[in-house]
Amino acid sequence: PIKVMEHSGDMKNVLWVKISGKKYAFTYDHQSQTIQIKDGSTQGTTLYSVSNATMLKDLKAIFLSL
């Protein structure tokens with residue numbers, strides 16, 4: 001399941017997902033214009049950073065590693 005962060009009825013730039021039983025937070029960073037994949041929570045270690053420039057083969061490798 002995917003859980004999207006919401007505050008006062010507004011969606012925020014965060015979602016959580018469990019992959020193979022492990023929780024990841026996907027956050028959008030406006031400054032770098034990237035999606036950060038973080039370990040466990042929005043404060044967790046950034047494992048990956050992806051953008052429109054990320055190649056499909058690299059994105060596939062990232063998700064296979066999760």
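In short, a report on the structure.

Cut-off values and rules
- Residues numbered from 1 in each chain as written.
- Predicted model: local features only at pLDDT ≥ 70, side-chain atom pairs only at ≥ 80, totals over all residues.
- Heavy atoms only, no water.
- Helix = DSSP H or I, 4+ residues; strand = E, 2+ residues; numbered from the N terminus.
- Contact = heavy atoms within 4.5 Å.
- Phe/Tyr/Trp six-rings, centres within 6.5 Å; stacked < 30°, edge-to-face > 60°.
- Buried < 20%, exposed > 50% of the residue type's maximum accessible area, 1.4 Å probe, protein only.

1. Concerning the side chain of Thr-27
Here is step 1: If you trace the backbone, Thr-27 turns up in strand β3 (residues 22–29).
Here is step 2: Beyond its immediate chain neighbours, meaning those up to four positions away, Thr-27 contacts Asn-13, Val-14, Thr-34, Ile-35, Gln-36, Lys-38 and Thr-42.

2. A closer look at the packing of aromatic side chains
Here is step 1: This model, assessed by the stated rule, comprises 1 aromatic pair.
Here is step 2: Aromatic side chains Phe-26 and Phe-63 sit 6.1 Å apart centroid to centroid with 20° between the ring planes, which places their arrangement in the stacked category. On the criterion of sequence distance, the pair formed by Phe-26 in strand β3 and Phe-63 in helix α1 (residues 56–65) is long-range, its members being 37 residues apart.
Here is step 3: On the basis of relative accessible area, Phe-63 is assigned to the partly exposed category, the value being 39%.

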